[in-house]
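Spelled out, the chains give:
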Amino acid sequence: MTAHEFPRIELDSYDGVVILTGAGVSVASGIRPYRGPDGLWNDEKLVKYSRIATFRTDPLGVWRHWWKMRELALGASPNAAHLALARAEAARPEGKRFTLVTQNVDGLHYRAGSLSLVEYHGSCMRSRCSDPGCSLRPFQDRQCSGDTAPSCPLCGAPLREQIPRAQAGAVDKALDSCDLFIAVGTSGTVWPAAKFVDAAHGLGARTIYLNLQGLGELGGSGAFDEEYLGRAEILLPLMLGPEGASGDGEPLP
Ligand SMILES: [Zn+2]
């Protein structure tokens, strides 16, 4: 792998950068996507365990699922991909937009220091009160086990995992003024990735795909202008430039 195969992306030339990350970004942190019916992190389970109906009928079951995820996430650390994105954001000049949208719920972008972060499926590291009228703010929560579903310290209502609210609106807004869209570590072929790249492409943004598997192999979207294949923790520091380079990233497995 040489640098010229993977051109530097000059982020400063773009006013509105939107980066979408998926499971591939967290693999080097030891969090496997676990696809398939038994997958802990698969989208189907996330949807099921985020439904209010599931929570009403089986709150402890929902919590046990999130606690397992939390335990895995707490045992992991952000890798060079997470760090490169956090540094690229920190290096943005005043007035230039940067939005990081992640499908991951492991909280690793947050721990890496990303600020303009939309956790599209929520974060397994945060809890909130299930009563919308309660003043408890969502909080970072490290509890990983219990015999009962936890309750709110303020009002006693059941606590819930932090599922996203109005996140779709935040992404749509970022996409509206996007001139560079990068999808990394996600297939780019399924919802919501496919919808996002279509929107960005439709507005004339440059669209870039970074992943281990090629779009052709995945039956992928024609809305991507460029495709670069490799591991996120290698490609991102390489392509996002010196401000994105990771000097203290963790050793790669
Ligand atoms: Zn409450």
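Located above this text is the structure these notes cover.
The rules we used
Residues numbered from 1 in each chain as written. Predicted model: local features only at pLDDT ≥ 70, side-chain atom pairs only at ≥ 80, totals over all residues. Heavy atoms only, no water. Helix = DSSP H or I, 4+ residues; strand = E, 2+ residues; numbered from the N terminus. Buried < 20%, exposed > 50% of the residue type's maximum accessible area, 1.4 Å probe, protein only. Contact = heavy atoms within 4.5 Å. Areas by Shrake-Rupley, 256 points an atom, 1.4 Å probe, with all protein chains shown as cover. Donors = N, O, S within 2.8 Å, 3.2 Å for Na, K, Ca; no water. Tetrahedral: all angles 85-135°; square planar, octahedral: opposite > 155°, others 65-115°. Pairing = 2+ DSSP bridges. Axes fitted to C-alpha atoms, helices over the stretch in contact; angles between N-to-C directions. Polar contact = N/O pair within 3.5 Å; in protein donor to acceptor, adjacent residues only side chain to side chain.

Quick notes on the overall build of the chain
Turning to step 1, where the next piece is worked out: When helices and strands are counted, the chain shows nine helices and nine strands.
Turning to step 2, where the next piece is worked out: With 253 residues in all, the chain has 51% of them scored as buried.
Turning to step 3, where the next piece is worked out: When contacts within the chain are restricted to residue pairs at least 6 apart in sequence, those whose partners lie at least 24 apart make up 68%.
Turning to step 4, where the next piece is worked out: Surface accessibility of the chain: about 11,600 Å² in total, with carbon and sulfur atoms responsible for 52%.

Topic: the side chain of D141
Turning to step 1, where the next piece is worked out: Turning to its location among the elements, D141 is positioned in the loop between strand 5 (139–140) and strand 6 (159–162).
Turning to step 2, where the next piece is worked out: According to the relative accessible area criterion, D141 is buried, its value standing at 9%.
Turning to step 3, where the next piece is worked out: Aside from chain neighbours lying at most four places away, what touches D141 is R70, M125, R126 and S127.

A closer look at the coordination of the zinc ion
Turning to step 1, where the next piece is worked out: Surrounding the zinc ion are the protein donor atoms C129 (SG), C134 (SG), C152 (SG) and C155 (SG), which sit 2.3 Å from the metal.
Turning to step 2, where the next piece is worked out: Geometry at the zinc ion is tetrahedral, judged from the four donor atoms that bind it and their angles of 100 to 114° at the metal.
Turning to step 3, where the next piece is worked out: The sequence motif formed by the donor residues of the zinc ion is C-x4-C-x17-C-x2-C. This pair shows no difference in class: C129 is buried, exactly as C134 is.

Concerning the sheet that holds strand 6
Turning to step 1, where the next piece is worked out: Across the sheet, which stays open at both edges, the three strands sit in the order 5-4-6 with antiparallel pairing between neighbours. The sheet terminates laterally at strand 5 and strand 6, the two strands that pair on one side only.
Turning to step 2, where the next piece is worked out: In this structure, strand 4 (residues 123–129) lies alongside strand 6, joined through four bridges in antiparallel fashion. Paired with R128 across the two strands is R160, which belongs to strand 6.
Turning to step 3, where the next piece is worked out: Sheet strands touched by helix 3 (residues 59–74): strand 4 and strand 6. Its angle to strand 4, the strand with the most contacts, is close to 135°.

Here's the deal with the sheet that holds strand 7 (residues 180–184)
Turning to step 1, where the next piece is worked out: Across the sheet, which stays open at both edges, the six strands sit in the order 3-2-1-7-8-9 with parallel pairing between neighbours. What marks the edges here is a single partner per strand, and that holds for strand 3 (117–119) and strand 9 (226–229). Recorded for the sheet is a direction-independent mean angle of 15° between the axes of neighbouring strands.
Turning to step 2, where the next piece is worked out: For strand 8 (residues 206–211) and strand 9, the ladder comprises four bridges, and the chain directions are parallel. Of the residues in strand 9, the one forming a bridge with I208 is E226.
Turning to step 3, where the next piece is worked out: Lying on the sheet, helix 4 (residues 80–90) is in contact with strand 1 (16–21) and strand 2 (97–102); it crosses strand 2 at an angle near 155°.

Re the side chain of E233
Turning to step 1, where the next piece is worked out: Topologically, E233 is positioned in helix 9 (residues 232–239).
Turning to step 2, where the next piece is worked out: Within the structure, E233 has its side chain in polar contact with the side chain of R231 (distance 2.8 Å).

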